[in-house]
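Below are the chains, spelled out letter by letter.
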Amino acid sequence: MGASVRPVCGRRLPYADPGLPAPLLPADWPGERAAAVFRGLHERLRDAGATFVGL
């Protein structure tokens with residue numbers, strides 16, 4: 001299983017996709033869509049973020 005983070009309230013939240021084969025995931029698993037959104041945002045904001053922090 002992927003890494004996890006512990007927020008202030010103490011609940012453990014998944015940090016990474018568990019990497020299970022598609023047939024074992026629920027039909028409404030949002031992993032593929034979430035990954036696509038993340039990639040798009042990363043591509044769009046990467047250069048501006050690097051400039052902002054002086055990289």
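For the structure, see preceding data.
Worth saying up front: this structure is predicted, and the values here are computed from it rather than measured.

Asks: Just to check I follow, could you spell out the overall build of the protein for this structure?
Replies: Within the protein, the regular secondary structure consists of 1 helix and 2 strands. The order of helices and strands in the protein, counted from the N terminus, is β-β-α. In the protein, buried positions account for 4% of the 55 residues. When the accessible surface of the protein is summed, it comes to about 5,100 Å², and 63% of that surface belongs to carbon and sulfur atoms.

Asks: Is there a simple way to think about the pattern of salt bridges in this case?
Replies: Two side chains with opposite charge may pair up if their charged atoms get near one another. All chains considered together, the criterion is met by 1 salt bridge. Notably, a salt bridge pairs Arg-46 with Asp-47, separated by 3.6 Å at the nearest N-O pair.

Asks: Could you clarify how one ought to interpret the environment of Ala-35 in this entry?
Replies: Along the chain, the position of Ala-35 falls in helix H1 (residues 31–52). By relative accessible area, which is 28% here, Ala-35 ends up partly exposed. The spatial distance from the C-alpha of Ala-35 to the C-alpha of Asp-17 is 9.3 Å, given a sequence separation of 18 residues.

Asks: How should the environment of Pro-18 be read in this particular structure?
Replies: Looking at where Pro-18 falls in the secondary structure, it is placed in the loop between strand E2 (13–14) and H1. The exposure class of Pro-18 is partly exposed, given its relative accessible area of 26%. When the C-alpha positions of Pro-18 and Gly-31 are compared, they lie 9.4 Å apart, and in sequence the two are 13 residues distant.

Asks: So what exactly am I meant to see when it comes to a nonpolar patch on the surface here?
Replies: The grouping of Val-37, Leu-41 and Leu-45 at the surface amounts to a nonpolar patch, some 240 Å² of accessible area in total. Positionally, Val-37 belongs in helix H1.

Asks: Just checking my understanding: could you explain H1 for this structure?
Replies: Quick reminder: α-helices carry 3.6 residues per turn. Residues three or four places apart thus point the same way. The end-to-end C-alpha distance of H1 is 29 Å, a good match for the 32 Å that 22 residues give at a rise of 1.5 Å each. The largest bend in H1 amounts to roughly 45 degrees and is located at Leu-45. Immediately downstream of H1, the backbone of Gly-54 shows phi near 85 degrees, a positive value.

Criteria and thresholds
Residues numbered from 1 in each chain as written. Predicted model: local features only at pLDDT ≥ 70, side-chain atom pairs only at ≥ 80, totals over all residues. Heavy atoms only, no water. Helix = DSSP H or I, 4+ residues; strand = E, 2+ residues; numbered from the N terminus. Buried < 20%, exposed > 50% of the residue type's maximum accessible area, 1.4 Å probe, protein only. Areas by Shrake-Rupley, 256 points an atom, 1.4 Å probe, with all protein chains shown as cover. Salt bridge = Lys/Arg side-chain N within 4 Å of Asp/Glu carboxyl O. Patch = residues over 30% accessible without salt bridge, like charges linked within 9 Å, V, L, I, M, F, W, Y side chains within 5 Å. Expected span 1.5 Å × (residues − 1). Bend = angle between axes of the 7 residues up to and from the residue.

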